[in-house]
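Remarks on the overall topology
Listed below are the residues making up each chain.
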Amino acid sequence: MEHPENSEEYKGLVVNSGVAQPDIINPYFRKIRKKRVELTVDEMVEGILKGNVTILSQAVTLVESVLPEHQAKAQQVIAKCLPYAGKSIRIGISGVPGAGKSTSIDEFGCHVLDRTKGKLAVLAIDPSSERTKGSILGDKTRMEKLSVREEAFIRPSPSAGSLGGVARKTRETIILCEAAGYDTIFVETVGVGQSETACHSMVDFFLLIQVAGTGDELQGIKRGIMEIADGIVVNKCDGDNVDACEMAASHFRNALHFFPKTESGWMPQVLTYSGFYAIRIKEVWDMIYDYFDHVKANGYFAYRRNEQSKYWMYESIDEQLRNSFYNMPVIKQMLKQQETQVLTGQKTSFIAAADLLDAYFKNI
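The paragraphs below set out a description of the structure included in this document.

Reading the values: rules and limits
- Residues numbered from 1 in each chain as written.
- Predicted model: local features only at pLDDT ≥ 70, side-chain atom pairs only at ≥ 80, totals over all residues.
- Heavy atoms only, no water.
- Helix = DSSP H or I, 4+ residues; strand = E, 2+ residues; numbered from the N terminus.
- Buried < 20%, exposed > 50% of the residue type's maximum accessible area, 1.4 Å probe, protein only.
- Contact = heavy atoms within 4.5 Å.
- Areas by Shrake-Rupley, 256 points an atom, 1.4 Å probe, with all protein chains shown as cover.
- Pairing = 2+ DSSP bridges.
- Right-handed = clockwise from strand over helix to strand, strands pointing away.
- Phe/Tyr/Trp six-rings, centres within 6.5 Å; stacked < 30°, edge-to-face > 60°.
- Expected span 1.5 Å × (residues − 1).
- Salt bridge = Lys/Arg side-chain N within 4 Å of Asp/Glu carboxyl O.

Scanning the chain from terminus to terminus reveals 16 helices and nine strands. Within the chain, buried positions represent 44% of all 364 residues. Considering only residue pairs separated by 6 or more positions, the chain has 72% of its internal contacts joining residues 24 or more positions apart. Here the chain displays about 19,800 Å² of accessible surface, and carbon together with sulfur accounts for 55% of that area.

Next up on the list: the pairing of strand E9 (residues 269-272). Side chains of E9 alternate between two faces, with Val270 and Thr272 buried and Gln269 and Leu271 left unburied. Pairing of strand E8 (residues 231-235) with E9, which is carried by four bridges, proceeds in the parallel orientation. Bridged to Gly231 within E9 is Gln269. In this fold, E8 hands off to helix H12 (residues 242-256), which returns the chain to E9; that crossover is right-handed.

Here the distance between the centres and the angle between the planes together describe a pair of aromatic rings. One pass over the structure, following the stated rule, counts 16 aromatic pairs. Ring geometry for Phe205 against Tyr291: centres 5.0 Å apart, planes inclined by 75 degrees, an arrangement best described as edge-to-face. With a gap of 86 residues between them, Phe205 in strand E7 (residues 205-211) and Tyr291 in helix H13 (residues 281-297) connect regions that are remote in the sequence. Owing to a relative accessible area of 0%, Phe205 belongs among the buried residues under this scheme. Taking relative accessible area as the criterion, Tyr291 reaches 2% and is therefore assigned buried. Ring geometry for Tyr300 and Tyr303: centres 5.9 Å apart, planes at 45 degrees, overall tilted. In this pair, Tyr300 and Tyr303 both sit in helix H14 (residues 300-327), three residues apart, roughly one turn of the helix. Owing to a relative accessible area of 12%, Tyr300 belongs among the buried residues under this scheme.

Looking now at unusual backbone geometry. You will see that Ala278, though not glycine, has its phi angle at about 55 degrees, which is positive. Inspection of the secondary structure puts Ala278 in the loop between E9 and H13. Of note in this structure, Arg280 is not a glycine but carries a positive phi near 65 degrees. Residue Arg280 is classed as partly exposed on the basis of its relative accessible area, which comes to 37%.

It is worth spelling out helix H16 (residues 349-362) at this point. Between the first and last C-alpha of H16 there are 20 Å, a value that for 14 residues agrees with the 20 Å anticipated at 1.5 Å per step. Check the buried side of H16 and you find it contacts H14 and helix H15 (329-343).

All right, on to the pattern of salt bridges then. Counted according to the given criterion, the structure contains 14 salt bridges. A salt bridge links Glu64 to Arg155, with the nearest nitrogen and oxygen atoms 3.1 Å apart. With a gap of 91 residues between them, Glu64 in helix H5 (residues 53-64) and Arg155 in strand E5 (residues 152-158) connect regions that are remote in the sequence. The salt bridge partner of Lys347 is Asp355, with a shortest N-O separation of 2.6 Å. By relative accessible area, Lys347 is classed as partly exposed at 22%. One continuous salt-bridge network, built from bridges that share partners, spans Asp114, Arg149 and Glu151.

Dropping the structure here:
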């Protein structure tokens, strides 16, 4: 076969600033490029198991895609990677905007890598605009130390409004990362809405980052979030802010005593640290590793993993049924009509819903 650069098609290309653009201008070169980058399921799985970051990124892109053909391929890849997954520790990290999550993760990640000599994956969910659905995806720029370490994989993903950004696709990405040999997984949530609950359903330890100096600290934290937190850390404990941070930590400790005993038998701890100046990072991770020693010894670690697997099975059923319902052509035709009848008072919401469901079941 003639080399592409010697072909007449290449010679006739328009050159932009002295550089030919064959894959953009000419379909012939686009086909060559497409063949070069597309991998089979087995090739993709083999690359993931070897720790190939490029192939891992391509697989995660398939998982995040909404195209049916991409989803079908992604599920095949996940199924073949599943036997090699489950060997990591999964840590969810959340906190209010401005709490310093990304800076803290940068320090936490470097500490873990230096301590364990393993591999770390950071799945950072970036908030999407509700108006444009766009996302900045700037976590790599905020994690300056981790982003240059070969043993770290940082994957920012737009939340796109799906359950606060943390849902089934993030759990599937965890499986791929574990199969690629990443033994510590961080899941950073957007810190709003239901994202904390969803994150808790896929991690082993849930860390809540707080800041002091905002008035009544307990007003800035929901009871439900405190109940699922396995550890609370107050960030920015440095300089003139030390006393305020220690006072905030004391408030959190007192509040935790009023909560019911946890299923794991672990009493959540409250610590202070400074992510910016890397102060007391070791103490935070000593607490986290103490937790893992505790739950692995009493069997809660394995129990929790099993409960999460069941939870996501039912979540997947719910999602697929929902998609099947709304994508059925007859339902698409009826929805606007039923909505109009509800708004004009011709039907109640419940009767309209019943009519839609009847139509759905008749056409399955």
